[in-house]
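For reference, the chains in residue letters:
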Amino acid sequence: MRLKRTAAVLGTALTALVTLTGCSSAWGEDAGLPAAGDMAAIEKLVGEHTMCSDLRTGSGGGAMSAEAKDPAWAISQRGVCGDDSKDTVTLLSVSDMEKFQEANKDAAARGKGVRVLLGQNFALVPGDEQTAKALLKSEMLLFTCEKDFKVPDGYRNEKLLVDGCALTDYLPG
């Protein structure tokens with residue numbers, strides 16, 4: 001009898017544990033952020049909202065090239081695309097979004113933070129405001145750790161993996 005009771009208690013505990021751990025979703029999924037499995041998927045998503053031709057991968061020059069070389073940023077691959085060799089968007093595949101957010105927060109504390117648009121597992125650095133506005137239509141959100149950045153009422157202000165930063169659909173002019 002005692003064995004049956006112990007088995008029942010263990011079964012209930014195991015079910016609760018599976019329920020708690022099995023229901024967790026990928027970061028950003030609850031906020032409706034898009035995910036992309038590889039650089040081609042990121043390029044396709046960008047291309048649905050703005051010009052993204054002539055994809056070139058590697059660290060090269062331009063936005064986030066130094067950060068792509070630094071393991072603290074957890075950038076697994078970097079590319080740029082544009083129109084006729086004009087870089088309009090930097091594409092970043094991110095292997096650990098918490099590390100990426102923390103690195104940006106640390107950089108912002110030194111005055112070197114970068115505004116990026118985030119998906120679940122990638123980030124984009126648009127070359128201009130027009131491109132950023134077009135990309136916000138893809139359900140990505142602006143991520144920034146600027147010290148005085150405030151999200152106005154009426155805009156989304158989503159939960160992040162680090163404190164002191166903002167994730168929003170608000171794009172200041």
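Everything in this summary refers to the structure shown in the same document. (Residues numbered from 1 in each chain as written. Predicted model: local features only at pLDDT ≥ 70, side-chain atom pairs only at ≥ 80, totals over all residues. Heavy atoms only, no water.)

1. Looking at the pattern of salt bridges
Put simply, the rule reads: A carboxyl oxygen of Asp or Glu within 4 Å of a side-chain nitrogen of Lys or Arg is what we treat as a salt bridge. By the criteria applied, helices consist of DSSP H or I runs no shorter than four residues and strands consist of E runs no shorter than two, each listed in order from the N terminus. Exposure categories follow from relative accessible area, calculated using a 1.4 Å probe and restricted to protein chains: below 20% of the type maximum is buried, above 50% is exposed, and the middle band is partly exposed.
If you walk through the whole model with that rule in mind, you get four salt bridges. Close ionic contact of glutamate 146 with arginine 115 constitutes a salt bridge, the shortest N to O distance being 2.4 Å. Of the two residues, glutamate 146 is situated in the loop between strand S6 (141-144) and strand S7 (166-168) and arginine 115 in the loop between helix H4 (97-109) and strand S4 (116-118); the sequence distance between them amounts to 31 residues. Here glutamate 146 falls in the partly exposed class, since its relative accessible area comes to 34%. As a salt-bridge pair, lysine 133 and glutamate 129 come within 3.2 Å of each other at their nearest N and O atoms. Of this pair, lysine 133 and glutamate 129 are both found in helix H5 (residues 129-136), four residues apart, which corresponds to roughly one turn of the helix.

2. Considering the state of the cysteines
Rules: Throughout, a disulfide means two cysteine sulfur atoms within 2.5 Å of one another.
Under the defined criterion, the tally for this structure stands at two disulfides. Each sulfur of the disulfide joining cysteine 52 and cysteine 81 lies 2.0 Å from the other. In this structure, the disulfide formed by cysteine 52 and cysteine 81 twists by about -110 degrees around the S-S bond and is classed as left-handed. A residue pair is termed long-range when its members are at least 10 positions apart, and cysteine 52 in the loop between helix H2 (39-47) and strand S1 (53-57) and cysteine 81 in strand S2 (residues 75-83) qualify at 29 residues. Disulfide pairing is shown between cysteine 145 and cysteine 165; the S-S distance is 2.0 Å. With the S-S dihedral at roughly 95 degrees, the linkage between cysteine 145 and cysteine 165 falls on the right-handed side. Residue cysteine 145 is located in the loop between S6 and S7, and its partner cysteine 165 is located in the loop between S6 and S7; the two are separated by 20 residues in the primary sequence. Using a relative accessible area of 17% as the deciding quantity, one classes cysteine 165 as buried. Here the disulfide map of the protein reads 1-2, 3-4, the bonded cysteines being numbered as they appear in the sequence.

Interpretation note: all reported values are geometric properties and have no functional meaning in isolation.
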